[in-house]
Amino acid sequence: NKNKNKNNHLPNKSMMSTDISCPPLNDHLHPSVGCVYDSVALREILDGVFSRHKDRCVEDHTAEDMELVLEAYGNIATKRIIDRTPMICWQVFRGVGESVQNSLWGVTDVELEDAMREDPEYRKRYEKLSGELEELTTTLGILESMV
């Protein structure tokens, strides 16, 4: 309950939005954008922003500032991770080929023969299962011809 009351003073996302759209009018030319804005409309918008900020406590401003900073940090950290990941993968895979090649240089013909030799137990099991498969296939063919 205390946390609910504590967070009630924080503004919601819609109040914190900094997007302000001004309809262009022929009053004053904005030099950096090259658009025309109504000075009265701008004054009303700024007065509204200042009055909204004046009524808020320091904790609200601090919380909003922290949220904006953390959001910006999260965006930057995400971009850095996205940018860095392919480079890390490239470095890892570039080194894998060389290390595999270096480790294969030490393998002798005897070690290769041992690695390629089939285990007699597996061979017996393979032959037994192949025979059973052949019998089942023949039986299935006979049953299908009866139906």
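This part takes up the overall build of the protein. Looking only at helices and strands, the protein features six helices and two strands. Along its sequence from the N terminus, the protein presents helices and strands in the succession α-α-β-β-α-α-α-α. Pairs at least 24 apart in sequence give 35% of the contacts found in the protein among residues at least 6 apart. About 13400 Å² of surface is accessible on the protein, with carbon and sulfur atoms providing 60% of the total.

Looking now at helix H6 (residues 120-146). Taking 1.5 Å per residue as the helical rise, H6 with its 27 residues ought to reach 39 Å, and the 40 Å between its terminal C-alpha atoms agrees with that figure. Burial analysis of H6 places just zero of its 27 residues in the buried class, a small minority of the element.

Bringing a nonpolar patch on the surface into the picture now. Together, Ile-88, Val-92, Phe-93, Val-96, Val-100, Leu-104, Val-107 and Leu-112 make up a nonpolar patch on the protein surface, roughly 700 Å² of accessible area in all. Here the nonpolar patch takes six residues from helix H4 (residues 58-105), the largest share from any one element. With respect to the secondary-structure elements, Val-107 resides in the loop between H4 and helix H5 (109-116).

One pass over the structure, following the stated rule, counts three salt bridges. Its salt-bridge partner being Asp-114, residue Arg-117 comes within 3.0 Å of it at the nearest N-O pair. By relative accessible area, which is 54% here, Arg-117 ends up exposed. Residue Asp-114 is classed as partly exposed on the basis of its relative accessible area, which comes to 43%. In this structure, the salt-bridge partner of Arg-123 is Glu-118, at a minimum N-O distance of 3.7 Å. Where salt bridges share partners, they join Glu-118, Arg-123 and Glu-127 into one cluster.

Scored by pLDDT, the protein has a mean of 78; 75% of the residues are at 70 or more. Confidence, expressed as mean pLDDT per element, reaches its minimum in the protein at helix H2 (residues 13-16) with 44 and its maximum at H6 with 94. Taken together, the stretch residues 1-20 has pLDDT below 50 and engages in 14 contacts with residues farther than four places along the chain or on a different chain. Note on residues 24-30: pLDDT is under 50 here. Beyond four places in sequence and across chains, it has 18 contacts.

The rules behind these values
- Residues numbered from 1 in each chain as written.
- Predicted model: local features only at pLDDT ≥ 70, side-chain atom pairs only at ≥ 80, totals over all residues.
- Heavy atoms only, no water.
- Helix = DSSP H or I, 4+ residues; strand = E, 2+ residues; numbered from the N terminus.
- Contact = heavy atoms within 4.5 Å.
- Areas by Shrake-Rupley, 256 points an atom, 1.4 Å probe, with all protein chains shown as cover.
- Expected span 1.5 Å × (residues − 1).
- Buried < 20%, exposed > 50% of the residue type's maximum accessible area, 1.4 Å probe, protein only.
- Patch = residues over 30% accessible without salt bridge, like charges linked within 9 Å, V, L, I, M, F, W, Y side chains within 5 Å.
- Salt bridge = Lys/Arg side-chain N within 4 Å of Asp/Glu carboxyl O.
- pLDDT = per-residue confidence, 0-100.

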